[in-house]
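# A look at the structure
This is what each chain is made of:
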Amino acid sequence: MIAALLFVAALAADPIAAPARNAIAAVAPIADSDLREYIAIAGRKVAGRPVNGPIASADKVLLIARDDKGFPVVAVSTGFPARQSLPAPPPSTLAVVRLRQRYETPVPGPSASDLAFVSANRLPLFVIGEWARPAPMWEVAWVDDAVRFRTIGEVGEIGPWQD
């Protein structure tokens, strides 16, 4: 509960500076290739690191934005209760990364709450599994008026969109 409150407070703070916010015309429902590459590197570096705080089984959540020069950055990094749905992020967020400690679906991949988050926010969500090495990764996005997901391989290969 405390982690959820801290996450909401971090979202309200919106750490991205005004020049970066003005540079963002609109959030794309599918992440740009430079964001996807940045997330594949930065997100997988976070995989396996311990979560500090009162909730030992928390997922790690990264909010991705652009700095004042247009480069991808991690705007917020926090722990969030594993079984809770993510709240809407601040407007300057271009993508969200959720690192799950274990999978909760019959086949590893995005959960129903991950799909619902993208449906509600029309914002790319990357799910990275911490239960295996190399860490599996999925991109969940709003594609052709529906939520779809695809795998992102270790060396950048991208799988087909799935329902």
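Residues numbered from 1 in each chain as written. Predicted model: local features only at pLDDT ≥ 70, side-chain atom pairs only at ≥ 80, totals over all residues. Heavy atoms only, no water.

Glancing now at the overall build of the chain. A count of helical and extended segments in the chain gives four helices and six strands. The buried share of the chain, reckoned over its 163 residues, is 47%. Pairs at least 24 apart in sequence give 60% of the contacts found in the chain among residues at least 6 apart. If you sum the accessible surface of the chain, you get close to 8,200 Å²; carbon and sulfur atoms cover 58% of it. (Helix = DSSP H or I, 4+ residues; strand = E, 2+ residues; numbered from the N terminus. Buried < 20%, exposed > 50% of the residue type's maximum accessible area, 1.4 Å probe, protein only. Contact = heavy atoms within 4.5 Å. Areas by Shrake-Rupley, 256 points an atom, 1.4 Å probe, with all protein chains shown as cover.)

Time to look at the pattern of salt bridges. Throughout the structure, instances matching the rule amount to nine salt bridges. The partner of Asp 34 in a salt bridge is Arg 66, and the shortest N-O contact between them spans 2.8 Å. Taken together, the residues Asp 34 in helix 3 (residues 33-46) and Arg 66 in strand 1 (residues 59-66) connect sequence positions 32 residues apart. Here Glu 139 makes a salt bridge to Arg 36, at a shortest N to O gap of 3.1 Å. On the criterion of sequence distance, the pair formed by Glu 139 in strand 5 (residues 137-143) and Arg 36 in helix 3 is long-range, its members being 103 residues apart. (Salt bridge = Lys/Arg side-chain N within 4 Å of Asp/Glu carboxyl O.)

Turning our eyes to something else, we now look at the sheet that holds strand 1. Taken in spatial order, the six strands of this open sheet run 2-1-3-4-5-6, and their pairing is mixed. Each having just a single partner strand, strand 2 (72-80) and strand 6 (146-151) make up the two edges of the open sheet. Going from strand to strand, the sheet's axes swing by 20° on average, the running direction of each strand aside. Running at roughly 35° to strand 5, helix 4 (residues 112-121) makes contact with strand 3 (95-100), strand 4 (125-129), strand 5 and strand 6 of the sheet. (Pairing = 2+ DSSP bridges. Axes fitted to C-alpha atoms, helices over the stretch in contact; angles between N-to-C directions.)

Quick look at the confidence of the model for the chain now. Counting all residues, the mean pLDDT for the chain is 81, and 81% of those residues have values of 70 or more. Predicted confidence for residues 1-25 stays below pLDDT 50, and this span has 38 contacts to residues more than four positions away or in other chains. (pLDDT = per-residue confidence, 0-100.)

This part covers empty space enclosed by the protein. For the coordinates displayed, the defined rule picks out two cavities of 30 Å³ or more. Looking at the largest cavity, the residues that line it are Ser 57, Asp 59, Ala 82, Arg 100, Gln 101, Arg 102 and Glu 104. Looking at the lining of the largest cavity, its residues break down into one nonpolar, two polar and four charged. (1 Å grid on protein atoms, 1.4 Å probe; cavity = no way out; pocket = protein on both sides within 12 Å on 5 of 7 lines; lining within 4 Å. Points joined across faces, edges and corners; volume = space filled by probe spheres on them. Nonpolar A, V, L, I, M, F, W, Y, C, P; charged D, E, K, R; others polar.)

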